[in-house]
Amino acid sequence: MNASHSLIEQAKKTFTPNIAPAPFVVSRGEGSYLYDTEEQKYLDFSSGIAVSNLGHCHPAVVRAIEEQIRKVLHTSTMFWNEPAMKLAIKLKEISFADRVFLCNSGTEANEAKLKITRKYFYDQGKPRIEFISFHKSFHGRTFGSLSGTGQEKYWKGFEPLVPGFKFINFNDISALTAITEQTAGVWVEPIQGEGGVHPATIEFMKALRARCDETGALLLADEIQTGLGRTGSMFAMDFYGVRPDLMSIAKGLGGGLPIGALLASEKIGTTMTVGSHATTFGGNPVCAAAALAVIETINNQEFWRGLRERSEFFWTLLKTRIGSNKRVVDIRGRGLMIGIEFKEDITKIFEQLRAQKVLVTRIPPHILRILPPLTASKQEMEIFVDNMSQALKATEA
Ligand SMILES: *Cc1c(COP(=O)(O)O)cnc(C)c1O
C-alpha cells in the first residue's frame, strides 16, 4: 500500500463520514486537469462543482492571490480593505445591484437573503414571514437554506425546520397563484442545479416577476451555481431579462477561494443596518482579490464570444454523438451547465468515466452533470466526448 492509500484509510476513519471523495489524492491542478499524488492526470469536467470556472490555478487568479497575501490576509469589517471595496463596486457595476453584502459561501449568502427579506417587511410595519420555494430546488444546508430546499431527502433527521416555507411546482405558471400579499419572498434558481439541471422557461420567469410585482413579494434569485458565466452570460437572469430584488452568488466567484455575496437593490439592501447582520470573514481581502481577478478575466466581449463558440461546439458534439444513444433520455441546460439524463442508473457510467480519468458530477440515480471549466478548449471537449462514447460502450448491457 502506498503512502496516499494509507493516508486515505486514516482520513476515512477521521473525517465525519458525510463525504465520500474519489479514491485518489489531488496534488495539483492546472487548467482543465487535476493530477494526483502519483502524477496521474484527470480531465476535470466537474470544476469543483462549478467553482473553478477558469480552470485550476488560472494565472490571473494565482497572481492576484500572491500579490495580496504579502499585504494583509484579514481585516474583519472593522476596517476597509481595498480588494473588498473594489469587488463590491465591481459587482454593482456588472449586475442589477446597488448594494452588496460580502460573505463566505453560498448558503451564507442565502441566509442573509432570507433575513433581509423578513426585515424589509418588518421595517415597513407590515411584517411578512412566508417564503415560497420550488420543488426540486436546492439552496444549501444551513437551517434557513435547508428549510427552503424543496427536496425532502435533505431534511431527514433535521426537522423541525424553520417555519414559513411553502413549495410549489417549478415551471408551472398556474402554481404562481400561491404567491399572495402574505408572501415575503419567492426563491428561485434560474436553472435548478442539484435538482437535476432543469432550466426555467422564459415565460415562467417573466410570469414569476409579474406575480411578485402584483403582490409585492420579493423575487430572490439563487445564482450560486448559475452565476459568473456558467450559463453563457455573467448571470443567468441576464438571459431571461428579468431583474431580481435580491440575488445570491458564490461558487465561481472566488476562482477556487471561498467567497459569497448577496446583491440587493437600494431600497432592500439598505434595510441591513449596522449590527443587524454580519460575518467575521466577510470581505476577506485575499478572497476578494481572487474574485476581482475572476471578474476581470470574464467580463469582456472576447471572453463571452469565445465561450459561446466553444459551448455551441460542445453542445453539437454532445447532441450528435451522445444524444443519439438509446440509453440517453435528454441533454439539457445552458452554456456549460449541462445535465445528461439516462434511462438507467448512472453509477456504472460515472465509475467507468472515472476509471478513464475523466471527472464529472452526478445527480443520482439518472443524471450526469457536466460542468467543464469555461476555459476548456475544443480539443478537451472532443477528448471528453470520445471518453463518454467509450464509457457508454464499456457499460453496455
Ligand atoms: C451550491 C449551492 C448552494 C450552497 O452553496 P454552498 O457554498 O455550498 O453553501 C446554494 N444554492 C445553489 C443553487 C447551489 O448550487
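See the structure above.
Note that the structure is a prediction, hence the values are computed from the model and not measured. All residue numbers refer to position in the chain's written sequence, counted from 1. Local features are withheld for residues below a pLDDT of 70 in this predicted model, meaning they are given only at 70 or higher, and side-chain atom pairs are given and counted only at 80 or more; totals for whole chains, interfaces and linings count all residues. The basis for every side-chain value is the complete set of non-hydrogen atoms in the structure, without hydrogens or water.

**As for the sheet that holds strand β3 (residues 41-44)**
Filter applied, for reference: Pairing between two strands requires that DSSP report at least two bridges joining them. A run of H or I in DSSP becomes a helix once it reaches four residues, and a run of E becomes a strand once it reaches two; helices and strands are each numbered from the N terminus. The criterion used for residue contact is that any of the two residues' heavy atoms lie within 4.5 Å. An axis is simply a line fitted to the C-alpha atoms; with a helix, the fit covers only the stretch in contact. Between two such axes, the angle follows the N-to-C directions and lies from 0 to 180 degrees.
Ordered in space as β1-β2-β3-β15, the four strands form an open sheet in which the pairing is mixed. Of all strands in the sheet, those with a lone pairing partner are β1 (26-30) and β15 (358-359), marking the two edges. One ladder, built from three bridges, connects strand β2 (residues 33-36) with β3; its direction is antiparallel. Across the sheet, the residue bridging to Leu34 is Tyr42, located in β3. Sheet strands touched by helix α13 (residues 378-394): β2, β3 and β15. Its angle to β3, the strand with the most contacts, is close to 100 degrees.

**As for α13**
Note the threshold: Multiply 1.5 Å by the residue count of a helix minus one, and that product is the helix's expected span. Each residue is placed in one exposure class: buried if its accessible area under a 1.4 Å probe, protein chains only, is under 20% of its type's maximum, exposed if it is over 50%, and partly exposed if it falls in between.
Under the 1.5 Å per step criterion, the end-to-end length of α13 is 24 Å for 17 residues, consistent within 8% with the ideal 24 Å. For α13, every residue scored as buried is listed here: Glu380, Met381, Phe384, Val385, Asn387, Met388, Ser389, Ala391 and Leu392.

**Considering the nonpolar core**
We apply this condition: What we call a nonpolar core is a set of buried Ala, Val, Leu, Ile, Met, Phe, Trp, Tyr and Cys residues that are connected through their side-chain atoms within 4.5 Å.
If you look at the biggest cluster of nonpolar residues, it comprises 84 residues, and the most contacted ones within it are Leu91, Leu208, Phe314, Ile340, Leu368 and Phe384. Of the residues forming this core, the biggest block, ten residues, is contributed by helix α10 (residues 285-298). Apart from the residues lying within four places of it in its own chain, the contact partners of Phe384 are Leu43, Phe45, Phe314, Leu318, Val358, Val360 and Ile370. Grouped together as the second largest cluster of nonpolar side chains are 18 residues, Leu114, Ile116, Leu246 and Ile268 included.

**Quick notes on the site of the ligand**
Operational definition: Working definition: residue near molecule or strand if any one of its non-hydrogen atoms lies within 4 Å of it. Throughout this description, a polar contact denotes any pair of N or O atoms lying within 3.5 Å of each other; where both atoms belong to protein, one of them has to be capable of donating a hydrogen while the other can accept it, and for residues adjacent in sequence the pair is counted only when both atoms sit in side chains. Surface exposure here means Shrake-Rupley accessible area, sampled with a 1.4 Å probe, where a residue is shielded only by the protein chains that are shown. Residues are grouped as follows: nonpolar covers Ala, Val, Leu, Ile, Met, Phe, Trp, Tyr, Cys and Pro; charged covers Asp, Glu, Lys and Arg; every other residue, Gly included, is treated as polar.
For the ligand, the full set of nearby residues is Ser105, Gly106, Thr107, Asn110, Phe138, His139, Gly140, Glu189, Asp222, Ile224, Gln225 and Lys251. One of the backbone nitrogen or oxygen atoms of Gly106 is found 2.8 Å away from an oxygen atom of the ligand. Within the side chain of Gln225, a nitrogen or oxygen atom sits 2.8 Å from an oxygen atom of the ligand. In the complex, the protein chains occlude 81% of the 380 Å² of accessible area that the ligand would expose alone. Per-class residue counts for the shell around the ligand are two nonpolar, seven polar and three charged.

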